[in-house]
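Structural overview for review
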Amino acid sequence: MEHRQFLSQPLVTSIYTADPSAHVFHGKLYIYPSHDVPTDIPDDDLGSEYAMHDYRVLQMDAPANRR
């Protein structure tokens, strides 16, 4: 039986990202998350306190082996 190890830590911690889509092109991993920024709107259960300004493209050869 093959044992696989999965990442349990976030790949990105410097910006808030959400709803990513990941693809592999030519052996590199590309992740396309939305990028939300905080607003002055009070927190609620709908996420109204965030505003999506753009999407980001993150590229890496392979995820780091973090523990």
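Look a little higher up for the structure.
Analysis parameters
For every chain, the first residue of its written sequence is number 1, and the numbers climb from 1 along that sequence. This being a predicted model, a pLDDT of at least 70 is required before a residue's local features are given, and a value of 80 or more before pairs of side-chain atoms are given or counted; all residues contribute to the totals for chains, interfaces and linings. To get the side-chain values, all heavy atoms of the structure are used, and hydrogens and water are removed first. By this definition, two strands are paired if DSSP reports at least two bridges between them. Under the scheme used here, helices are H or I runs from DSSP no shorter than 4 residues and strands are E runs no shorter than 2 residues, and both carry numbers assigned from the N terminus. Only heavy atoms matter for contacts: two residues are in contact if any of them lie within 4.5 Å across the pair.

So, the pairing of strand 2 (residues 28-38)
- Of the pairings in the sheet, the one linking strand 1 (residues 17-25) to strand 2 comprises 7 bridges and is antiparallel in character. Within the sheet, the bridge partner assigned to threonine 17 lies in strand 2 and is histidine 35.
- Taken together, strand 1 and the strand that follows it, strand 2, pair antiparallel across an intervening segment of 2 residues, in which histidine 26 is found at a positive phi of about 50 degrees.
- As defined by bridge partners, strand 2 adjoins strand 4 (residues 58-60) across 3 bridges and the pair is classed as antiparallel. From the neighbouring strand, tyrosine 30 faces strand 4, where its bridge partner is glutamine 59.
- In this structure, strand 2 lies alongside strand 3 (residues 50-55), joined through 5 bridges in antiparallel fashion.

Observations concerning the environment of proline 33
- Position of proline 33 relative to the elements: it lies in strand 2.
- The spatial distance from the C-alpha of proline 33 to the C-alpha of tyrosine 16 is 9.2 Å, given a sequence separation of 17 residues.
- Apart from the residues lying within four places of it in its own chain, the contact partners of proline 33 are Thr17, Ala18, Asp19, Pro20, Tyr55, Arg56 and Leu58.

Note that all results are geometric; they support no functional claim without further evidence.
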